Amino acid sequence: MQNKQHFRPTKAIIDLQAIRKNICQLKEHLQPNVQIIAVVKANAYGHGDVEVARVAIESGATMLAVATPEEALHLRKHFPNIEILILGYSPVSFATYAADENITLTVYSKAWVEQLNTQTLSKPLKLHIKVDTGMGRIGVTSIEDFLDLHKTISSSSNLIVDGVFTHFATADEEVEDYFNKQAQTFKQYISLIPKPRLVHAANTATMLIKDSNLQFDAVRFGISLYGLAPSTYVKNKLPFPLHRAFSLETELIEVKQIQVGQSVGYGATYTATKPSYIGTLPIGYADGLIRQHSGQDVLIDGIRVPIIGRICMDQCMILLPTAYNIGEKVTLIGKQKNEEITMDEWALKVNTINYEIPCIITSRVPRIYHTK
Ligand SMILES: *Cc1c(COP(=O)(O)O)cnc(C)c1O
């Protein structure tokens, strides 16, 4: 990506130094010998999987976690030796590839294991058993199934129970009843089997604000790797400051003055009530600036100005206080002078969570890496 030539000025700037700092601070808050699993699924939450993974590994992460077989294979090409865990579903047909490529799979069904012809595996296949303690998605939900699955895997010559894990549904909230129940359930499950190499349960929120005993052997560090807090509640309780890694920038490509009564954009939904300068930006909903962002501020020359009218597929218009020059830098997410527009602000505007924002900035927006 980095060396590819970009002509359109719209780009996401990824500050790898920020990611490095986030991991270093995290390390100081871990119990001794707790490993860091860097969660780099979905192209590292839209930040770029290979680049983020490289920084994470350099900073001490000992495993990468992804969601799909495709994501795992992509990372394996770039990192031949690091452990890679697929947190989500893998079809049985992927097992031979996983064994070949030393990719660890999540398993939660005895039927899945029984469908697997372990004779065809070139090498032992490492598995992590997923326990559903209250999330209600993948995972075993009874002790009987858990023990049965554990026994089935342990007695297969080519399969290894490398880990057991669970995932919390409410780790980022203040009320702890549900969370504590999940934690208790998980502890009960793992007490029933010989300890596998890696027991893990903590996502970012658990690691940052819950009992450090729940760090077990490893933490799965996702959203805060990128400098974002998992929720407002966690944001207000952060044990260390996070450094935001993602900025979204473009440039003014057109500036014009419109008169009273003239309108802007599809549907002519914005009409000038006084003579106004209108700027055009080369970014639209095909880049992930969805139409609900209309009205959102952007930064130019360190001041906030709003997106007006409907956002088009590839462009949008902003209201300017004065006739800025073509080529003037515009920041959609990030800092200019003393102003900042955060992912959190974007998320609030379109009624979602910050996780979703970088994920939906599409691949048309090049990711440019700053290593400083
Ligand atoms: C995505 C994911 C994580 C990371 O969660 P964050 O809140 O981003 O830290 C951890 N565990 C599982 C199972 C996940 O799917």
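Residues numbered from 1 in each chain as written. Predicted model: local features only at pLDDT ≥ 70, side-chain atom pairs only at ≥ 80, totals over all residues. Heavy atoms only, no water.

Under an unreviewed UniProt entry, the protein has the name Alanine racemase and belongs to Ureibacillus xyleni. Word for word, the UniProt comment on the protein under Cofactor (unreviewed entry) is "pyridoxal 5'-phosphate". (UniProt positions renumbered as here; feature names shortened; annotations may be inferred.)

Take the UniProt feature "domain: Alanine racemase C-terminal" (unreviewed entry) in the protein next. With numbering matched to this structure, UniProt assigns "domain: Alanine racemase C-terminal" (unreviewed entry) to residues 245-370. The annotated region residues 245-370 carries 9% helix and 40% strand content, and the separation between its end C-alpha atoms amounts to 9 Å. (Helix = DSSP H or I, 4+ residues; strand = E, 2+ residues; numbered from the N terminus.)

Neighbouring the ligand are Val39, Lys41, Tyr45, Leu87, Arg137, His167, Asn203, Thr204, Arg220, Gly222, Ile223 and Tyr355. Within the contact set of the ligand, an oxygen atom lies 2.7 Å away from a backbone nitrogen or oxygen of Ile223. Within the contact set of the ligand, an oxygen atom lies 2.6 Å away from a side-chain nitrogen or oxygen of Tyr355. Protein chains bury 93% of the 390 Å² of accessible surface belonging to the ligand in isolation. For the ligand, the cavity whose grid points lie within 2 Å of the majority of its atoms is the largest pocket. Of the residues that constitute the shell around the ligand, the class distribution is five nonpolar, four polar and three charged. (Near = heavy atom within 4 Å. Polar contact = N/O pair within 3.5 Å; in protein donor to acceptor, adjacent residues only side chain to side chain. Areas by Shrake-Rupley, 256 points an atom, 1.4 Å probe, with all protein chains shown as cover. 1 Å grid on protein atoms, 1.4 Å probe; cavity = no way out; pocket = protein on both sides within 12 Å on 5 of 7 lines; lining within 4 Å. Sits in = over half its atoms within 2 Å of the grid points. Nonpolar A, V, L, I, M, F, W, Y, C, P; charged D, E, K, R; others polar.)

Where helix α1 (residues 16-28) meets helix α3 (residues 49-58), the axes come as close as 9 Å, and the angle between the chain directions of the two elements is 40°. Judged on the interaxial angle alone, α3 and α1 are oblique. Crossing of α1 over α3 shows right-handed handedness. Between α1 and α3, the residues in contact are Leu16, Ile19, Arg20 and Ile23 and Glu51, Val52, Val55, Ala56 and Glu58, respectively. (Axes fitted to C-alpha atoms, helices over the stretch in contact; angles between N-to-C directions. Parallel < 35°, antiparallel > 145°, perpendicular 65-115°, else oblique. Left-handed = near helix turned anticlockwise from the far one by under 90°. Contact = heavy atoms within 4.5 Å.)

Next up on the list: the UniProt feature "binding site: substrate" (unreviewed entry) in the protein. UniProt feature "binding site: substrate" (unreviewed entry): in the numbering of this structure it lies at Arg137 and Met313. Across 177 residues in sequence, these annotated residues place their C-alpha atoms as far as 34.7 Å from one another, rather than forming a single compact spot. The annotated residues contributing to the lining of the largest pocket are Arg137. Topologically, Arg137 is positioned in the loop between β6 (125-130) and α7 (143-154).

Another point: the packing of aromatic side chains. All chains considered together, the criterion is met by six aromatic pairs. Relative to Tyr97, the ring of Phe94 has its centre 6.1 Å away and its plane inclined at 10°; by these criteria the two rings are stacked. Of the residues examined, Phe94 reaches a relative accessible area of 7% and is grouped as buried. (Phe/Tyr/Trp six-rings, centres within 6.5 Å; stacked < 30°, edge-to-face > 60°. Buried < 20%, exposed > 50% of the residue type's maximum accessible area, 1.4 Å probe, protein only.)

Over the atoms rolls a probe the size of a water molecule, and in doing so it shows where empty space is left. Considering only enclosed or pocket space, the largest pocket measures out at about 600 Å³ in volume. In terms of lining residues, the largest pocket is bounded by 26 residues, among which Lys41, Tyr45, Arg137, His167 and Tyr355 are the most central. With three residues, helix α2 (residues 41-45) is the single largest residue contributor to the lining of the largest pocket. Residue composition of the lining of the largest pocket, grouped by class: 16 nonpolar, five polar and five charged. Two domains share the lining of the largest pocket, each providing at least three of its residues, namely domain 1 (31-226) and domain 2 (246-370). Considering the residues around the second largest pocket, the lining is formed by 24 residues, among which Asp15, Arg244, Ser247, Gly334 and Lys335 are closest to the centre. Contributions of two or more residues to the lining of the second largest pocket are made by β1 (11-15), α1, β10 (246-251), β18 (329-336) and β19 (339-341). If one sorts the elements of the lining of the second largest pocket by residue count, β18 sits on top with four residues. Classifying every residue of the lining of the second largest pocket by side-chain character gives ten nonpolar, six polar and eight charged. (Points joined across faces, edges and corners; volume = space filled by probe spheres on them. Domains from an automatic or database assignment.)

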